[in-house]
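Spelled out, the chains give:
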Amino acid sequence: MSDLNRLTIAGARDALRKGEVSAVEVTQACLAEAEGAGALGAFVHPTPELARAQAAAADARIAAGEAPDLCGIPLGIKDLFCTRGVPSQAASRILEGFKPEYESTVTAKLLGEGAVMLGKLNMDEFAMGSSNETSCYGNAVNPWKVDARALTPGGSSGGSAAAVAADLCLAATGTDTGGSIRQPAALTGIVGIKPTYGRVSRWGIVAFASSLDQAGPMTKDVRDAAIMLRAICGHDPLDSTSADIAVPDFEAALTGDIRGRTIGIPREYRMDGMPDEIEALWTRGTEMLRDAGAKVVDISLPHTKYALPAYYVIAPAEASSNLARYDGVRFGHRAALAQGDGITEMYEKTRAEGFGPEVQRRIMIGTYVLSAGFYDAYYNRARKVRALIKRDFDEAFEAGVDAILTPATPSAAFGLGEMAEADPVQMYLNDVFTVTVNLAGLPGISVPAGLDRQGLPLGLQLIGRPWDEAGLLNVAYTLERATGFVAKPQKWW
Amino acid sequence: MSIDIETARRVAKLARIRVEEDALPALAAEFNAIMGFIEQLGEVDVTGVEPMTSVTPMRLKRRADVVTDGDRQAAVLANAPDAREGFFAVPKVVE
């Protein structure tokens, strides 16, 4: 077998069990590919020795029989996950040198299944960004390219998206607070799923906005997303918000039969100035699901336009609280102090040096909306609007809708640096279709659905009922088969 | 709602982030752009709406009230920028 790095999880799983390849060989292929892909800026802390040792152990386990699905599968891990003894710095200078003494629940589950960690992946600093341009490591770059421009892989899980799209790994972990799995997946032509809030433990994942953050898989196809999702789900006593709900076999749910299912098309997602190509893609996706036997209905989610403003109160408020821990005392960076500096100067200088501009901006917005006199006007009002956004979805589901189809992003990948002069709000608009899902706590998946005129991938988003990832993945699988999307980026790196 | 330089200075202080005097006007302008965007929330009628607190109502798990962790001083201090004699070290706090 050649090009082992191009395998899917399912393909590698089956080949490993038949003895056609070894985990060491698949791992070596990925390591070699990643080593030659420095121009993509995807891997920021490679762990090749660790990967080879884990692969050898996986081969022994497979030979002994009864190995779990992910045994011997080489993965990339977003830098937001704490990994024992391996740098985990959320792409921030403030966590320079930090090597956790513990393992996040998600990575512990993956490693427990015998998965191989190739290294840590680039991202926006503290997962705050939509283009991977706020990273302390520099930009991650989209493997898709149509002219001289270097394009964004999206963000915040930009390194994960670039690595999976470029076949540097078989799959990767991502996290999604406002669209950070689904938007980069759409811009790089891969699959990304954000599970229902509470499906996956947040323990050991560097916190951004605790009521919105969820981890999920970023994979080459829907089947792989189903396989990897099962491995990371489940109740964890270390995360009090993780749900004690049975985890179904998501892969077994992929029947491709959606006859009689009801798909909602929300009219509020038809935004002013939406590019024709996005509109046409959405229409084609709708027709494909109808052709597969689904019933398509128009629905209304009236509070959609207030989702982004509500998000930009709630997420910074939670971030300002979560990021208070970076004070130069217990871990990470501490500023050099001048003669006579006290503890307040230490905090202020450390945080000014350690946090990049976007993170500082969000901490301060959060501080402002939580400050005395503004708490009710901004924070409590945003939480009430959030309840209304969730109610919109509840009503659609009560009326019989099984899943909702929307575009994943308002455009294809844009050039790195193109948004540098825009005000921050322009960048925030990237998440206009994805952010509602985090506020309502629902599962959402981005599926590659076609190429635009320039030849860049575009994605469609499906939104599911709470805890119905199985049903959602099956609709996504049906859509994936109908679109027949198989395009890959031409290697230039 | 307009955020002036004085407010920007106060917020930076509350957030414990040093912002140089000459950077305050640009910061205030950015805050104004973002807060202007957020102002839209004022259009929504939220009368009688309870703030959302959880995605699916569920009772938090309880566990026995016993010690489950501890005795890891070395691990706790391993990442400290300055640790001495088993403690985190910081500049003098009390005169």
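Within each chain, residue numbers correspond to sequence positions counted from 1 in written order. To label them, take the chains in the order written and letter them from A, then take the ligands in the order written and number them from 1. Selection of residues for local features in this predicted model requires a pLDDT of at least 70, selection of side-chain atom pairs for listing and counting requires 80 or more, and totals for whole chains, interfaces and linings are taken over all residues. Heavy atoms throughout the structure, all of them, feed into the side-chain values; hydrogens and water do not.

1. Considering the environment of S157 of chain A
All names here are of chain A.
- Each helix is a run of DSSP H or I of at least 4 residues and each strand a run of E of at least 2, with the numbering of both proceeding from the N terminus. By the secondary structure assignment, S157 is in the loop between β3 (116-121) and α5 (158-165).
- Linking S157 and R330, residues 173 residues apart in sequence, is a C-alpha distance of 27 Å.
- Only heavy atoms enter the contact rule, under which two residues are in contact if any of them lie within 4.5 Å. Residues contacting S157, with those up to four places away along its chain left out, are K78, G174, T175, S180, I181, P184 and M218.
- Between N or O atoms, a polar contact is any pair within 3.5 Å; within protein, one atom must be a potential hydrogen donor and the other a potential acceptor, and residues adjacent in sequence are included only when both atoms are from side chains. One polar contact links the side chain of S157 to the main-chain carbonyl oxygen of S180, over a distance of 2.8 Å.

2. A few points about the pattern of salt bridges
Residues and elements named next belong to chain A.
- Salt-bridge detection follows one rule: a side-chain nitrogen of Lys or Arg within 4 Å of a carboxyl oxygen of Asp or Glu. Within this structure, the stated rule accounts for 35 salt bridges over all chains.
- For R13, the salt bridge is made with D69, and the minimal N-O distance between the two is 3.4 Å. In this pair, R13 sits in helix α1 (residues 9-18) while D69 sits in the loop between α3 (48-63) and β2 (74-78), placing the two residues 56 residues apart along the sequence.
- Whether a residue is buried, partly exposed or exposed follows from its accessible area with a 1.4 Å probe, protein chains only, as a fraction of its type maximum: under 20%, in between, or over 50%, in that order. According to the relative accessible area criterion, R13 is buried, its value standing at 10%.
- Here R182 makes a salt bridge to D176, at a shortest N to O gap of 2.8 Å.
- With a relative accessible area of 0%, R182 lands in the buried category.

3. Some remarks on the packing of aromatic side chains
Residues and elements named next belong to chain A.
- Centre distance within 6.5 Å is the pairing criterion for rings of Phe, Tyr and Trp, where only the six-membered ring of Trp is used; planes under 30 degrees apart are then read as stacked, over 60 as edge-to-face, and the remainder as tilted. Going through the model one piece at a time under the given rule, you end up with 15 aromatic pairs over all chains.
- With a centroid separation of 6.3 Å and 90° between ring planes, the pair formed by Y326 and F355 is classed as edge-to-face. Residue Y326 is located in the loop between α9 (307-322) and α10 (343-354), and its partner F355 is located in the loop between α10 and α11 (357-370); the two are separated by 29 residues in the primary sequence.
- On the accessibility criterion, Y326 (5% relative accessible area) is buried.
- With 5.7 Å between their ring centres and 90° between their planes, W492 and W493 make a pair best called edge-to-face.
- According to the relative accessible area criterion, W492 is partly exposed, its value standing at 32%.

4. Focus on empty space enclosed by the protein
Residues and elements named next belong to chain A.
- Points on a 1 Å grid, built from protein atoms alone, make a cavity when a 1.4 Å probe fits but cannot get out and make a pocket when they are open with protein on both sides within 12 Å along at least 5 of 7 lines; residues with an atom within 4 Å of a point are the lining residues. Grid points are joined across faces, edges and corners, and a volume is the space filled by probe spheres set on the points. Scanning the model with the defined rule gives 1 cavity of 30 Å³ or more in all.
- Counted as a void, the largest cavity has a volume near 50 Å³.
- Every residue lining the largest cavity is listed: A127, M128, G129, S130, T177, G178, S180, F208, Y311, Y312, R362 and D431.
- Of the residues belonging to the lining of the largest cavity, the class tally is 5 nonpolar, 5 polar and 2 charged. Classes in brief: Ala, Val, Leu, Ile, Met, Phe, Trp, Tyr, Cys and Pro nonpolar; Asp, Glu, Lys and Arg charged; the others, Gly included, polar.

5. Thoughts on the interface of chain A and chain B
- Contacts between chain A and chain B engage 67 residues on the former and 52 residues on the latter.
- Note on chain A versus chain B: buried area summed over both sides is about 5,100 Å², and carbon and sulfur give 71% of it.
- Salt-bridge contacts for E30 of chain B lead to R361 of chain A; the nearest nitrogen and oxygen are separated by 2.8 Å.
- Taken together, the connections running from chain A to chain B amount to 14 residue pairs in polar contact (both at pLDDT 80 or more).
- Those elements giving two or more residues to the side of chain A that touches chain B turn out to be α9, α10, α11, α12 (375-398), α13 (424-428) and α14 (435-440) of chain A.
- A per-element tally of the side of chain A that touches chain B places α12 of chain A first, with 12 residues. Note on terms: buried area is the combined drop in 1.4 Å-probe accessible area of two parts once they are placed together, counting the loss on both.

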